[in-house]
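Working through the structure, step by step
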Amino acid sequence: MAEAGVDTVSRRTRGLDRAFEILEFLRVRRQPMRPNEIAAEIGAPRSSVYELVNLLLSHGMLDYYQDDGRVYLGRRLYFLGTAYAEQFDLMRECERMLIRLAEETRETAQMCLLEGRKYTVAMMREGIRPFRISSNVGELVSIPWTASGRLLVSHLSDQEILDFIPPEDFILPDGRRLDPADFISQVRGAARDGYFTFNSEVENFTHCFAVPIYQADGTCIATLCLVAPREDGLRNRTEYLKSLLSAANEISEKLGYHPVDRRVASRV
């Protein structure tokens, strides 16, 4: 009987893992799909995927999209996300800071994180401009393509960085290969300076600014960013960095980070 009980727990664990895999797959793919398509993409048996999709539908974790059998992330996930945001101070504080940054600079402000071995924009506030500069919230991007990436891996050793970032992610959008040694040098410089700025590798007309949010032990757990038209970003570089550093320092302090040698905007 004990063996039967262990086997039941094991099957349930595998089922939970597969259910989360389905949800994560749809989140990353960002489009409705049929269960048989999901099964083929994640390499799972159709029968188990159909069974789990039906279970997730019954609990509101998935919803049908139109009338063609496709499913997508459901309404229950929205309510769970709302409850999470209400209790997670970092998200609430970052939302407040993004509003402030967008109003102060008129530029698009973002809060960015690592998601697995990728970078993602977790929250965004668009700037007040006649044209939009924005990113897809939740889209996964190669770490070396981003200003934030230099800060988000700064707590890792050189070898840990090389082990963490997939080798193919050092291929930039234009096909050039970024030398990992150069990237690591930029990571160390960003950690020393307390910020990183560059002309975007993804959008060739924008300039990106990123500053770290530190938790109590000094690890960068997120970044605050500004994305500006290239000429405006370069012209207003000092003021934009002052705004970003002020906002990030406020959040870091609330997370218990108190550096001995504070970086101040006068350094930039």
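Being a predicted model, the structure only gives us computed values, none of them experimental.

Moving on to the packing of aromatic side chains. The full count for this structure, using the stated rule, is five aromatic pairs. Consider the rings of Phe 209 and Tyr 240, whose centres lie 5.7 Å apart with planes at 75 degrees: the pair is edge-to-face. Separated by 31 residues along the polypeptide, Phe 209 in strand β6 (residues 206–214) and Tyr 240 in helix α10 (residues 237–254) bring together distant segments of the chain. Here Phe 209 matches Tyr 240 in class, with each residue buried. Geometrically, the ring pair formed by Tyr 214 and Tyr 257 is tilted, given 4.6 Å between the ring centres and 40 degrees between the ring planes.

Close approach of charged atoms allows side chains of opposite charge to pair. This structure, assessed with the given rule, holds 18 salt bridges. When the shortest N-O distance is used, the salt bridge between Arg 192 and Asp 193 registers 3.9 Å. Residue classification places Arg 192 among the exposed residues on the basis of a relative accessible area of 55%. One continuous salt-bridge network, built from bridges that share partners, spans Arg 34, Glu 37, Asp 68 and Arg 70.

Bringing the nonpolar core into the picture now. Ranked by size, the top nonpolar core spans 28 residues in total, and within it Tyr 119, Ile 143, Ala 147, Val 153, Ile 161, Ile 165 and Phe 183 carry the most contacts. The set of elements that each furnish at least two residues to this core consists of β4 (118–125), α6 (147–152), α8 (180–193), β5 (196–199), β6 and β7 (220–229). With four residues, the single largest contributor to this core is α8. Counting residues in hydrophobic clusters, the runner-up holds 24 residues, among them Met 97, Tyr 195, Ala 222 and Leu 224.

Turning our eyes to something else, we now look at helix α5 (residues 89–105). Its 17 residues place the ends of α5 24 Å apart at the C-alpha level, agreeing with the 24 Å of an ideal helix rising 1.5 Å per residue. For α5, every residue scored as buried is listed here: Leu 90, Met 91, Glu 93, Cys 94, Met 97, Leu 98, Leu 101, Ala 102 and Thr 105. Buried residues of α5, viewed axially, fall in a sector of 165 degrees; they line one side. Within two residues after α5, Arg 106 carries a phi angle of roughly 70 degrees, on the positive side.

Reading guide: rules and limits
- Residues numbered from 1 in each chain as written.
- Predicted model: local features only at pLDDT ≥ 70, side-chain atom pairs only at ≥ 80, totals over all residues.
- Heavy atoms only, no water.
- Phe/Tyr/Trp six-rings, centres within 6.5 Å; stacked < 30°, edge-to-face > 60°.
- Helix = DSSP H or I, 4+ residues; strand = E, 2+ residues; numbered from the N terminus.
- Buried < 20%, exposed > 50% of the residue type's maximum accessible area, 1.4 Å probe, protein only.
- Salt bridge = Lys/Arg side-chain N within 4 Å of Asp/Glu carboxyl O.
- Core = buried A, V, L, I, M, F, W, Y, C linked by side-chain atoms within 4.5 Å.
- Expected span 1.5 Å × (residues − 1).
- Arc of directions from axis to C-beta.

It is worth stressing that arrangement in space is one thing and function is another; only the former is reported here.
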